[in-house]
Structures are given as structure tokens and as C-alpha cells.
Amino acid sequence: MAINFVSWIILLLLLLILLCSHGNQARELVETKNTSLEIQHNHHHHQHQHNHMTHNNIDPSLMVFFTLKDLKVGKTMQIYFPKRDPSTSPKLWPKEKAESLPFSSNQLSYLLKFFSFSPNTPQAMAMENTLQECESKHIKGEVKFCATSLQSMLEFTQNVLGSNSEIQVYATLHKTKSSVTFQNYTIVEIMMEILAPKMVACHTVPYPFAVFYCHSQKSENRVYKVLLRGENGDKVEAMVVCHMDTSQWAPSHVSFQVLGVTPGSSSVCHFFPADNYIWVPKLKSQGSSSM
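Rules of the game
- Residues numbered from 1 in each chain as written.
- Predicted model: local features only at pLDDT ≥ 70, side-chain atom pairs only at ≥ 80, totals over all residues.
- Heavy atoms only, no water.
- Helix = DSSP H or I, 4+ residues; strand = E, 2+ residues; numbered from the N terminus.
- Buried < 20%, exposed > 50% of the residue type's maximum accessible area, 1.4 Å probe, protein only.
- Contact = heavy atoms within 4.5 Å.
- Areas by Shrake-Rupley, 256 points an atom, 1.4 Å probe, with all protein chains shown as cover.
- Disulfide = S-S within 2.5 Å.
- Polar contact = N/O pair within 3.5 Å; in protein donor to acceptor, adjacent residues only side chain to side chain.

Side note on the overall build of the chain
Move 1: When helices and strands are counted, the chain shows six helices and 14 strands.
Move 2: Evaluated residue by residue, the chain yields a buried proportion of 51% over its 291 residues.
Move 3: Restricting to contacts in the chain with at least 6 residues of sequence separation, those with at least 24 account for 77%.
Move 4: For the chain, the computed accessible surface area is about 14,000 Å², with 53% contributed by carbon and sulfur atoms.

Written out as C-alpha cells, the structure is:
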């Protein structure tokens, strides 16, 4: 069934507002000279990240994982929240422009020439990693898609959640301005559990223009919004997804190394950066508890 045109316009405006509001929170810090193609530490890239870990030293950027039993008011944990400057972050392209270029690792040489990147540079390697990740095989019970535009992200999301479903988007929001990316945070309030029988998570990936790695799993997932307070006073309304069945995940998945658990033995929860999005059918939410 065709999607109502007015609904598309409303959704596009909603997401654009969300993108702008979250981008403004991060203006104070540019993490690297090549922020737009930084190899980010999102959870779908973690099979490539075991080199960032030793038994006694974990890359701070991997400190986003925890288990459901730790999701309680008063719990303190170290969390990494990247802060990116929107002026140097990849820009959204219209669907027609994005789809006029090949999006394939087989065309990497052509793409590097198009974007004026030399082979074997950090930018080239980041592009190659993204293309390979987008082409990698999905795990059992998962559907995945790399969206190269807002419209293609919405089309994939609507297809997964149902063409007749009214959909809603959630994202982490930094309530205070700070350049601190890694510190202790305490859970002040579990603001809501979002009752979603289905969900689509979309993560930014490094590319010369904005690309989102979107995926959905049939296994049980729980979505929460929690209020965090940093040790420096930062306040974050953070989105959390808890994957209740990890039995199909690769044993090398970095979350298992961080948490010291094995596939299927434990839930795995993780915090979302501010430029990642959670799409769900618009349903009633419940619950609020505070310290």
C-alpha cells in the first residue's frame, strides 16, 4: 500500500528537526581532523574491534554495554557518548543524488576517485569498512539495510514496521553542553519503557555523505529512555536497547568481551549516541521511576 504523502512530509520534517537539535548539542567539539570519516565504534562494527581490547585495557569508546540487571535507578557506570561537530559531519544527500552513485565495495576504486581520496588512507579504509559491513551477511532472524538518504531510511523502516503503521522516532538527547565524552554516569530515572513489538535501529556509519546502517531483529528487544547524571553534572536523556536473545551473535562480538559473557547466556543492553535513531510503531509507553 502506498504511504500517504502528507505522512511522509511530516516524518521527514520530524527527523530533520531531530537531526538539527541533536547536532546543535555537539557543536563544541571536533574529535578528529577527519570527523566525517572517523571509523566509529557503533555496535554493528564490533566484530572488527577486538584489536582495541586487551585483558586489562578496554577502549573507552566501547564502554556502552551493560546487562538488563544493571538497568536500575542508582546504578553508576562508565559510559562513552561521542560528541561530533555537525559542521564537519557528513551531510544528508537527496535520494536521487545518493542513488546516482554505486554503493558497492566492487566500485571502491571509482568511489575513491570520485571523492578524491587516495587508497590506503584512513578515509579510504573507513569507506571500505562501511561498504563491507553493509554487504555482510545478516544473522539469523535479522533484516538489515544501509540507507543512503532519509527517504530510503524511512522506506525501509516503514516496510519492516508495517506499511499501515504510524511510526515514531527516538534518539538520545544531551540536556547540557559539555565536551566530556567518557565519564561515570548514574541512572537517575527510568523515564519510560517503550512497548515496541518491532523496532528498527539506525546507526551512523563513516562515509563521505550521511549513511545509516539500519537493522531489525525478530528476537525480543526492549527499548528504554533513561535519565543519566554525569559526575561533572551533565544530564543525558539516553536511549537504551536491550537484546534479550544473543544466541545467534558471533562469539567474537565485542560486547561479550566487554561484559565477560557468552552468546545466549545473557541479555546485552547498550546506549545509543545522539546521532543514532530508534524507530518503533507508535504505541503507549509506561513507567517512570526516580531516585
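Don't stop here, the text continues.
Things to note about the state of the cysteines
Where two cysteines share a covalent bond between their sulfur atoms, that bond is called a disulfide.
Move 1: Inspection of the entire model under this criterion finds three disulfides.
Move 2: In this model, Cys-134 is linked to Cys-146 through a disulfide, with the two sulfur atoms separated by 1.9 Å. Across the S-S bond linking Cys-134 and Cys-146, the dihedral sits near -85 degrees, which makes this disulfide left-handed. Placement of the pair is Cys-134 in helix H4 (residues 122–135) and Cys-146 in strand E3 (residues 142–147), with a sequence separation of twelve residues.
Move 3: Among the residues examined, Cys-134 registers a relative accessible area of 18% and is labelled buried.
Move 4: Overall, the relative accessible area of 10% leaves Cys-146 in the buried class.
Move 5: For Cys-202, the disulfide goes to Cys-214, at an S-S distance of 2.1 Å. Negative torsions about the S-S bond denote left-handed disulfides, and the value of about 115 degrees found for Cys-202 with Cys-214 makes this one right-handed. Taken together, the residues span a long stretch of sequence, with Cys-202 in strand E7 (residues 200–205) and Cys-214 in strand E8 (residues 211–217) at a distance of twelve residues.

Thoughts on the side chain of Ser-178
Move 1: Relative to the assigned elements, Ser-178 resides in the loop between strand E5 (173–174) and strand E6 (182–194).
Move 2: Within the structure, Ser-178 has its side chain in polar contact with the side chain of Asp-234 (distance 3.1 Å).

A short note on unusual backbone geometry
Move 1: Phi is positive for Ser-116, close to 60 degrees, though the residue is something other than glycine.
Move 2: By the element assignment, Ser-116 lies in the loop between helix H3 (108–114) and H4.
Move 3: A positive phi angle, close to 70 degrees, is found at Asn-120, a residue other than glycine.
Move 4: On the secondary structure map, Asn-120 appears in the loop between H3 and H4.

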